[in-house]
Amino acid sequence: MPEQPKKKPTLLLMFDLNWSVHDAPHPFTGPSTPQDWAFIDPREYLDWHLEMGNNAIFLQAYTYGGYAFYPTRLGPVPPGPGRELLPRLYELAQEAGLPFWSYFCVGADVAMSAYRHDWVIPESRRNWWHGFLAPESPWADLFCARVEEFLEQFPVDWILFDWFCYGDLDSGFHMQPAWFVKQPFREIIGREMPEDSSQITPEESLTYKREVLARFFARIRKTVKETSPATRIAFNPPDWKPADPLWVNHPMVNESDGLLAEYSKPETLQWLESVRRPEQQIIATPINVEGVVEEEVMLEWAEKGYVLNGYIWGTPPRLQPHPSLQPKGEAIRRAFHRIALQYS
């Protein structure tokens, strides 16, 4: 019996339009503004990704900054052609037969955290100036409405739900009393919410966060599967460490289609391997803010069937990696082309 060809791994280095890198008037990297990437040519964007060795295409539906690359009724859009970037790119990807990945940031929206300070989790601005939006607040309604609106128009193959967390990317954040906490605290913990966070035990904080995030996950998953049943979902907590108590046996881990480890430390990937279901896809990042993994490691990940999903930043409006990141981008390009040859 002839040997079955190996399944091609998904190779996806995204030019990350969430961010913009600036050298003047002083070095600064921050969330992109609506005008920063508004005038990108969709064909140039597609060609750049193909040249890097990608066999899938990625573009944010809504950025972390809080604006959309498609004509939305539920938030800001870029000027000029920017609101048509995703529709046109989606069309080009379909013509080329390429899977399409999109993105929403669950925990943060720079615009909404400014417009609706009362939706922001208290103390969450300490480490991140924009803070993190509370899943118990009306943010959850707006977020799910955006996901539904998007998928009704663009039933993409995958959505990455980024920054799925509570109050901080560090899972040790201690929950805080707030107007939106009173009712769920009573339901989950079984007593009235205290006025001072010091009267909430670490065990109560963990129990509360796990349940609140489980409820939000269930809403997001239901929205996706009812609107676009074929769309697959992955969440980025991020998994910085294995067997984090916040996520052990959590519905997000058990029921997601993809398990993403943003920093892809060996011990974290081993943990995800130990808990994944056969149909779940592990997503590893060969490039991130900590650097680039070795080419041989990427080859091993490809052999295991991982999705290789990294990101790189640039200075608007030019669709080019920042000079400081170009060597990393070139390392990924070489590795992706080498992997593609092995599976051609």
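Residues numbered from 1 in each chain as written. Predicted model: local features only at pLDDT ≥ 70, side-chain atom pairs only at ≥ 80, totals over all residues. Heavy atoms only, no water.

Before going further, it helps to examine the packing of helix H1 (residues 42-51) against helix H2 (residues 85-96). Remark: H1 packs on H2, axes separated minimally by 9 Å, with the N-to-C direction vectors making an angle of 55°. The orientation of H1 relative to H2 falls into the category oblique. By crossing handedness, the relation of H1 to H2 is classed as right-handed. Judged by residue contacts, Pro 42, Arg 43, Tyr 45 and Leu 46 of H1 engage Leu 85, Arg 88, Leu 89 and Leu 92 from H2. Per-class residue counts for the contact of H1 with H2 are six nonpolar, no polar and two charged. (Axes fitted to C-alpha atoms, helices over the stretch in contact; angles between N-to-C directions. Helix = DSSP H or I, 4+ residues; strand = E, 2+ residues; numbered from the N terminus. Parallel < 35°, antiparallel > 145°, perpendicular 65-115°, else oblique. Left-handed = near helix turned anticlockwise from the far one by under 90°. Contact = heavy atoms within 4.5 Å. Nonpolar A, V, L, I, M, F, W, Y, C, P; charged D, E, K, R; others polar.)

Taking 1.5 Å per residue, 17 residues should reach 24 Å; helix H10 (residues 326-342) reaches 25 Å between its end C-alpha atoms and fits that length. Of the positions making up H10, those classed as buried are Gly 329, Ala 331, Ile 332, Ala 335, Phe 336 and Ile 339. In a view along the axis of H10, the buried residues occupy a sector of 155°, so they form one face of it. H10 presents Pro 327 and Leu 341 as exposed residues on the side facing more than 90 degrees away from its buried surface. (Expected span 1.5 Å × (residues − 1). Buried < 20%, exposed > 50% of the residue type's maximum accessible area, 1.4 Å probe, protein only. Arc of directions from axis to C-beta.)

A few words on the nonpolar core. Counting residues in each nonpolar core, the largest one holds 117 residues, and the members touching the most others are Phe 150, Phe 161, Phe 164, Tyr 166 and Ile 220. Counting residues per element, this core draws most heavily on helix H4 (residues 139-153), which supplies eight residues. In this view, Phe 161 contacts Phe 104, Val 106, Phe 143, Val 147, Ile 220, Val 224, Ile 233, Ala 234, Phe 235 and Asn 236; residues no more than four positions away in its chain are not counted. (Core = buried A, V, L, I, M, F, W, Y, C linked by side-chain atoms within 4.5 Å.)

Attention now moves to the sheet that holds strand S1 (residues 11-15). Across the sheet, eight strands lie side by side as S1-S12-S9-S8-S7-S6-S5-S4; this open sheet has parallel pairing. Among the strands making up the open sheet, the edge pair consists of S1 and strand S4 (57-58). Across four bridges, the pairing between strand S8 (residues 258-261) and strand S9 (residues 281-284) is parallel. Of the residues in S9, the one forming a bridge with Ala 261 is Ala 284. Contacts between H1 and the sheet are confined to S1, S4 and strand S12 (307-312), with S1 contributing the most and set at about 135° to the helix. Here helix H6 (residues 202-227) sits on the sheet and contacts strand S6 (158-162) and strand S7 (232-235); the angle it forms with S7, its principal contact strand, is near 155°. (Pairing = 2+ DSSP bridges.)

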